[in-house]
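Close look at the chain arrangement
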Amino acid sequence: MKDFKIPTHTEQVIPQVQNLFKSIVLLGLLGGSFVWAQTGVNVIDNYLFDGIDGVQFVCKWAFVLVLALINAVLIVGIAMQGHEATHRLLFNNQFWNDWWGGILTAFSLVPFYAFREFHLTHHSYTHQPGVDPEEPVNHNRPFFSIFTVGSMIGLGTHYKTLVTNLLSGSTKRYGGLKDVFFLSVAGVFYFLIVPIAGISLWYTVVPTLLLVPLVFTVRSVSEHHAIPPLVKQSTNQSEKLNINSWIVLTNPVITWLWSNVNYHQVHHRYPYLSHRYFPAIFQATQGKQPYLVLNGYFQALMNLKSRPYYGSYEDLKPFLKNELATNV
């Protein structure tokens, strides 16, 4: 790892085959889970706990909700493939990058080109008050309301941009039309193919889509929450240390499913690089560059829930994993 060299944009190798394979696997698992949900409900309804008051109902819906939660995790993983496409890192060919990335992003009901506009602006003004578009989603409200109000504000912002693009007389209209197509593809799968296959929407699509914002927010709230505001030419310690994001060390399954997005500070320092490089960069640079590190998303939620969106440098010192940084 000592000899690891961080590649430039042109030196990197985008894992196109792996990206395609992974997205197909995740879509297949999502479809398979819908089939398993309907099959399981049929078994519980026809063969298990018949005549036992309440038990059959509880078991059925517990089964449905557990699968829906797994589905939401899968959909966030699919959306993270779309995130790669947002940075033009899914495929080398821009046409296929945007079209396949657009379809993948639409499975989380988010319009791709609207999200790209939002997300790249976020990268340009990360955690800067008044200009980072993520601020209205997470700032100035109780922590747990972020999971409801915040997620709806974020989704609404994307659709407002979509409508604006559709009404625009510029080239953005073409992107808006493509977003409508991508969302239609996802809609056909969720609301046409699934019921045609004899699968109830109430046991699959509806609970899954209701849980997606919750799972997505668990991930996203652990990216920038509690870090001091960053202002150009600021003298605060986070600005000096080039810290605007967290590292969340989680289990290998989630790390793979969510395309290393838990190495979020690495992503913000090297946004032009494929996710494949993030763990190696973290390992190679953690003794040289400062990082804020949390062990798992549960610890992230527990530590961040009592802190404001814009925190203080002193509160972050226990999480700094760099000897030089802690002495600043």
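Refer to the structure above for everything that follows.
Treat the numbers as computed from the prediction; the structure is a model and nothing was measured.

**Some points on the overall build of the protein chain**
Looking only at helices and strands, the protein chain has 15 helices and 2 strands in total. Against the globule reference of 20 Å for 328 residues, the protein chain gives a C-alpha radius of gyration of 21 Å, in line with a compact fold. Taken along the three principal axes of its C-alpha coordinates, the protein chain extends 65 × 50 × 40 Å. With 328 residues in all, the protein chain has 53% of them scored as buried. Put simply, 69% of the contacts in the protein chain that link residues at least 6 apart link residues at least 24 apart. Roughly 15,600 Å² of accessible area belongs to the protein chain as shown, and the carbon and sulfur atoms make up 66% of that amount.

**Comments concerning the pattern of salt bridges**
Inspection of the entire model under this criterion finds 7 salt bridges. Of the charged contacts, one joins Lys60 and Asp45 as a salt bridge, the two residues approaching to 3.4 Å between their closest N and O atoms. Of the two residues, Lys60 sits in helix H2 (residues 55–86) while Asp45 sits in helix H1 (residues 16–47), which places them 15 residues apart along the sequence. By relative accessible area, Lys60 is classed as buried at 12%. Classification of Asp45 as partly exposed rests on a relative accessible area of 28%. With its nearest N and O atoms 2.1 Å apart, the salt bridge here joins Arg219 to Glu223. Placement of the pair is Arg219 and Glu223 together in helix H8 (residues 205–224), with a separation of 4 residues, close to one helical turn.

**Points about the packing of H1 against helix H7 (residues 172–196)**
Running from N to C, H1 and H7 cross one another at 45°; their axes reach a closest spacing of 12 Å. Overall, the two elements H1 and H7 adopt an arrangement that is oblique. At the point where H1 passes H7, the crossing takes the right-handed sense. Contacts from Leu30, Gly31 and Phe34 in H1 reach Phe189, Tyr190 and Val194 in H7.

**Side note on the nonpolar core**
Core analysis: the largest hydrophobic core is formed by 59 residues, its most contacted members being Leu30, Phe34, Phe107, Tyr190, Trp246, Trp258 and Leu292. The element that contributes the greatest number of residues to this core is H2, accounting for 10 residues. Tyr263, Leu273, Phe282 and Tyr291 belong to the second largest nonpolar core, which has 11 residues in total.

**A closer look at helix H13 (residues 297–304)**
For H13, every residue scored as buried is listed here: Tyr297, Ala300, Leu301, Asn303 and Leu304. Elements in contact with the buried residues of H13: H8, strand E1 (247–249), helix H10 (252–257) and strand E2 (293–295).

**Here we look at the side chain of His119**
With respect to the secondary-structure elements, His119 resides in helix H4 (residues 112–124). Assessed through its relative accessible area of 6%, His119 is described here as buried. Those residues within four positions of His119 in sequence are excluded, and the remaining contacts are His83, Thr86, His87 and His267.

**What about unusual backbone geometry?**
Outside of glycine, negative phi angles account for most residues, and trans bonds account for most peptide bonds. With a phi close to 60°, Arg88 is a non-glycine residue in the positive phi region. The residue Arg88 is located in the loop between H2 and helix H3 (94–106) in this model. Its identity is not glycine, yet Ala226 carries a phi of approximately 80°, on the positive side. Tracing the chain through its elements places Ala226 in the loop between H8 and helix H9 (237–241).

**Looking at the packing of aromatic side chains**
Within a pair of aromatic rings, the relevant descriptors are the distance that separates the centres and the angle that separates the planes. If you walk through the whole model with that rule in mind, you get 19 aromatic pairs. Centre to centre, the rings of Tyr270 and Tyr272 are 6.4 Å apart; their planes meet at 80°, and the pair counts as edge-to-face. A network of ring pairs unites the aromatic residues Phe95, Trp96, Trp99, Phe112, Tyr113, Phe181 and Phe182 as a single cluster. Lying over the aromatic face of Phe216, Arg219 brings its terminal NZ or CZ to 4.6 Å of the ring centre. Looking at Arg276, its charged tip hangs above the ring of Tyr277, at a distance of 5.6 Å from the centre.

**Remarks on H3**
Taking 1.5 Å per residue as the helical rise, H3 with its 13 residues ought to reach 18 Å, and the 18 Å between its terminal C-alpha atoms agrees with that figure. Taken together, the buried positions of H3 are Asn97, Asp98, Gly101, Gly102, Ile103, Leu104, Thr105 and Ala106. In this structure, the buried residues of H3 make contact with H1, H2, H4 and H7.

**So, the side chain of His275**
Relative to the helices and strands, His275 resides in the loop between helix H11 (264–269) and helix H12 (278–285). Contacts of His275, omitting those with residues within four sequence positions, involve Pro15, Asn19, Lys22, Glu84, Ser259 and Asn260.

Cut-offs and rules
- Note on numbering: residues in each chain are counted from 1, in written sequence order.
- Totals for whole chains, interfaces and linings use every residue, but because this is a predicted model, local features are given only for residues with pLDDT of at least 70 and side-chain atom pairs only at 80 or more, for both listing and counting.
- Values reported for side chains reflect all heavy atoms of the structure, with hydrogen atoms and water molecules removed beforehand.
- Secondary structure elements follow DSSP: runs of H or I of four or more residues count as helices, runs of E of two or more count as strands, with numbering from the N terminus.
- Only C-alpha atoms enter the radius of gyration; for comparison, a globular chain is expected to reach 2.2 Å times N to the power 0.38, where N is the number of residues.
- For each residue, the accessible area found with a 1.4 Å probe, counting protein chains only, is set against the maximum for its type, and the residue is called buried under 20%, exposed over 50%, and partly exposed in between.
- Only heavy atoms enter the contact rule, under which two residues are in contact if any of them lie within 4.5 Å.
- For the accessible areas, the method is Shrake-Rupley and the probe is 1.4 Å, while residue cover comes only from the protein chains on display.
- What makes a salt bridge here is a side-chain nitrogen of Lys or Arg within 4 Å of a carboxyl oxygen of Asp or Glu, nothing more.
- Helix axes are fitted to C-alpha atoms over the stretch in contact, other axes to C-alpha atoms as well, and angles between N-to-C directions run from 0 to 180 degrees.
- Note that the term roughly parallel is reserved for angles under 35 degrees, roughly antiparallel for angles over 145, roughly perpendicular for angles of 65 to 115, and oblique for everything else.
- Rotating anticlockwise by less than a right angle from the far helix to the near helix defines a left-handed crossing, while the corresponding clockwise rotation defines a right-handed one.
- We call a set of buried residues a nonpolar core when its members are Ala, Val, Leu, Ile, Met, Phe, Trp, Tyr or Cys and they connect through side-chain atoms within 4.5 Å of each other.
- Here is the rule: rings of Phe, Tyr and Trp (six-membered ring for Trp) pair when centre to centre is within 6.5 Å. Planes less than 30 degrees apart are stacked, more than 60 are edge-to-face, and the remainder are tilted.
- For a Lys NZ or an Arg CZ to count as sitting over a ring, it must be within 6 Å of the ring centre and within 35 degrees of the ring normal.
- A helix's residues, less one, multiplied by 1.5 Å, set its expected span.

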